[in-house]
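In case you want the letters, here they are:
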Amino acid sequence: MNRTPLLLMVLVTLLAAAGWLFSKETIRELPPAAFIGSRFLLAALLLLPLAWLRESPPSRAQLLRAAGSGLLLASCLLLWVTAISQSDALGSGAFIMSVATLMAPLVAWAAFKAKPGRHYWLTLPVAIAGLLLLSSSTHWGASLSLFWFLAAAAAQGTQLAVHRHIAQSISPTWLTCVQLAVTGLLGTLLSLLTEQWPEGGVSHGIWGWFAASVLIATTLRYWLLTHALSKMTTAHAALMMLLEPVWTLLLSTLCYNEPLGGAKLAGAGLVLGALVLYQLPLLLRSARLKAPT
């Protein structure tokens, strides 16, 4: 198997984890929906010239499919940014999102008849056990952020399956651009209807976090994700994305002093172990195919 999409997915998870930090800092002063709207509209505008110059424009049917995936992405992100605006337990929030990512192959199976392979079923219990340990010692109680994370997770699982399916037939830059544009438009519309900007303005430091969110955690991340998804199965992508809560937990521990005990370290080890268990047979098979006869 080509290792390029695997390396891309590792990079995507790192960028996604950094995006949790960038977003948390930005929405200290920016309204959440306004942040999502402006962030994704700018990212779409940055990608538009690249799409126009490098790839042929999609058909009307392809545009509609990409816009539908964008609606799912917008729903997920608006729910997610609402959740992180109410919680500092970013590592545990990432755990909840990743559980839904594990469900994406089941959505793909039900909707697109793409049955997960044997390796997925063998590694799934190990991955879930690791994610449960990652979420340990977080006292959610009746926190409203828990329910926002759960709703965002459900939307994310569905969106990942749909995104991977249509990435097979639409050029990656155009697909990314349309999805980001739809998300940005919906976020902006929601902000105009429901939010007000701070009366005292926004401090200069916040715009640095905002720029990092646009350039690194959105434009680069989603473009790489679309490229990777076009070259791997939904099950494989979902398991690779389990790295995101590991990186997020580490960043949250460093930046927000989120508790990091033995249970969470064991959970991170199980998540990494699940990835190795899933990936090792594929790498061994690839090595045998390349070996001289």
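Residues numbered from 1 in each chain as written. Predicted model: local features only at pLDDT ≥ 70, side-chain atom pairs only at ≥ 80, totals over all residues. Heavy atoms only, no water.

## Points about the packing of helix α2 (residues 32-54) against helix α3 (residues 60-84)
To characterise two packed helices, one gives the angle between the axes of the helices and the distance between these axes.
Next up, step 1: Packing of α2 against α3 brings their axes to within 9 Å, and their N-to-C directions diverge by 135°. Viewed along their axes, α2 and α3 adopt a mutual orientation that is oblique. Between α2 and α3 lies a crossing of right-handed hand. Only L77, L78, W80 and V81 of α3 make contact with α2, whose side of the interface consists of P32, A33, F35, I36, R39 and F40. (Axes fitted to C-alpha atoms, helices over the stretch in contact; angles between N-to-C directions. Helix = DSSP H or I, 4+ residues; strand = E, 2+ residues; numbered from the N terminus. Parallel < 35°, antiparallel > 145°, perpendicular 65-115°, else oblique. Left-handed = near helix turned anticlockwise from the far one by under 90°. Contact = heavy atoms within 4.5 Å.)

## Some words on the side chain of E244
Next up, step 1: Relative to the elements of secondary structure, E244 occurs in helix α10 (residues 243-256).
Next up, step 2: Within the structure, the side chain of E244 is placed 2.7 Å from the side chain of W20, a separation counted as a polar contact.
Next up, step 3: Excluding residues that lie within four positions of it along the chain, E244 makes contacts with T13, A16, A17 and W20. (Polar contact = N/O pair within 3.5 Å; in protein donor to acceptor, adjacent residues only side chain to side chain.)

## Notes on the nonpolar core
Next up, step 1: Core analysis: the largest hydrophobic core is formed by 48 residues, its most contacted members being M9, W80, M97 and L180.
Next up, step 2: Put simply, the parts of the chain that give this core at least two residues each are α1 (4-26), α2, α3, α4 (90-112), α6 (144-166), α7 (172-194), α8 (204-229) and α9 (234-240).
Next up, step 3: With near-sequence residues (within four places) excluded, M9 lies in contact with L225, A228, M232, A237, M240 and M241.
Next up, step 4: Within the second largest apolar cluster, nine residues are counted, among which are L124, L239, V271 and A274. (Core = buried A, V, L, I, M, F, W, Y, C linked by side-chain atoms within 4.5 Å. Buried < 20%, exposed > 50% of the residue type's maximum accessible area, 1.4 Å probe, protein only.)

## Focus on α8
Next up, step 1: Taking 1.5 Å of rise per residue, 26 residues should cover 38 Å, and α8 covers 36 Å from first to last C-alpha, within 8% of that figure.
Next up, step 2: A bend of about 30° at R221 is the largest found in α8. (Expected span 1.5 Å × (residues − 1). Bend = angle between axes of the 7 residues up to and from the residue.)

## Overview of the packing of aromatic side chains
Next up, step 1: Enumeration according to the criterion identifies seven aromatic pairs in this entry.
Next up, step 2: Relative to F210, the ring of W207 lies with its centre 5.6 Å away and its plane at 90°, an arrangement referred to as edge-to-face. With W207 and F210 both in helix α8, this residue pair falls three residues apart, about one helical turn.
Next up, step 3: Put simply, the rings of F35, W207 and F210 pair up and form one aromatic cluster. (Phe/Tyr/Trp six-rings, centres within 6.5 Å; stacked < 30°, edge-to-face > 60°.)

## Points about the packing of α7 against α8
Next up, step 1: Interhelical geometry of α7 versus α8 gives an angle of 130° and a closest axis separation of 9 Å. By the angle between their axes, α7 is oblique relative to α8. Crossing handedness for the pair α7 and α8: right-handed. Residue-level contacts link P172, T173, L175, T176 and L180 of α7 to T218, Y222, W223, T226 and H227 of α8.
Next up, step 2: Residue classes in the contact of α7 with α8 are distributed as five nonpolar, five polar and no charged. (Nonpolar A, V, L, I, M, F, W, Y, C, P; charged D, E, K, R; others polar.)

## Points about the environment of A34
Next up, step 1: Along the chain, the position of A34 falls in helix α2.
Next up, step 2: Between the alpha carbons of A34 and T194 there is a distance of 9.8 Å; along the sequence they are 160 residues apart.
Next up, step 3: Beyond its immediate chain neighbours, meaning those up to four positions away, A34 contacts G187, S191, E195 and W197.

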